[in-house]
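The primary structure of each chain is shown beneath.
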Amino acid sequence: MDPVALKEKLIAVLGQIQADSGLECPPLTGATKPVESIPKFDSKVWPAATTILASEIGRTIPNDVNIFIDETTKLPRSIDQTVAFVCALLE
């Protein structure tokens, strides 16, 4: 999986979710942590974002995996960290 393309798609998905929800979306960069920085981006929204991203890239991301939170540290991942995690997950 191309990390640059994946990052572009992830940023587009996050922006679209905010637009569709009528919510503000901060400027999204690799350092942005969606769980901390995007309004109302919570456990109800991340599964939808993951499903849409999987559809956009034509790959399966398991439903039980939260790509936006590090399971070990329980800390939110940045967009760049999320991209690296998803790339590793799909290899």
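As shown above, the structure is provided for reference.
Residues numbered from 1 in each chain as written. Predicted model: local features only at pLDDT ≥ 70, side-chain atom pairs only at ≥ 80, totals over all residues. Heavy atoms only, no water.

Caption draft 1: Highlighting the packing of helix H1 (residues 3-20) against helix H3 (residues 46-57). Two elements in contact, H1 and H3, have axes separated by 10 Å at closest approach and are oriented at 135°. Classed by the angle they form, the pair H1 and H3 counts as oblique. You can see that H1 and H3 cross each other, and the crossing is right-handed. Of the residues in H3, those touching H1 at Leu6, Lys9, Leu10, Val13, Leu14 and Ile17 are Ala49, Ile52, Leu53, Glu56 and Ile57. When the residues that make up the contact of H1 with H3 are grouped by side-chain class, the tally is nine nonpolar, no polar and two charged. (Axes fitted to C-alpha atoms, helices over the stretch in contact; angles between N-to-C directions. Helix = DSSP H or I, 4+ residues; strand = E, 2+ residues; numbered from the N terminus. Parallel < 35°, antiparallel > 145°, perpendicular 65-115°, else oblique. Left-handed = near helix turned anticlockwise from the far one by under 90°. Contact = heavy atoms within 4.5 Å. Nonpolar A, V, L, I, M, F, W, Y, C, P; charged D, E, K, R; others polar.)

Caption draft 2: Summary view of unusual backbone geometry. Positive phi is not limited to glycine here, since Lys40 has a value of about 60°. Lys40 gets classed as exposed once you look at its relative accessible area, which sits at 64%. At Lys74, a residue that is not glycine, the phi angle is positive and equals roughly 65°. Note on placement: Lys74 falls in the loop between H3 and helix H4 (79-90). On the basis of relative accessible area, Lys74 is assigned to the exposed category, the value being 55%. (Buried < 20%, exposed > 50% of the residue type's maximum accessible area, 1.4 Å probe, protein only.)

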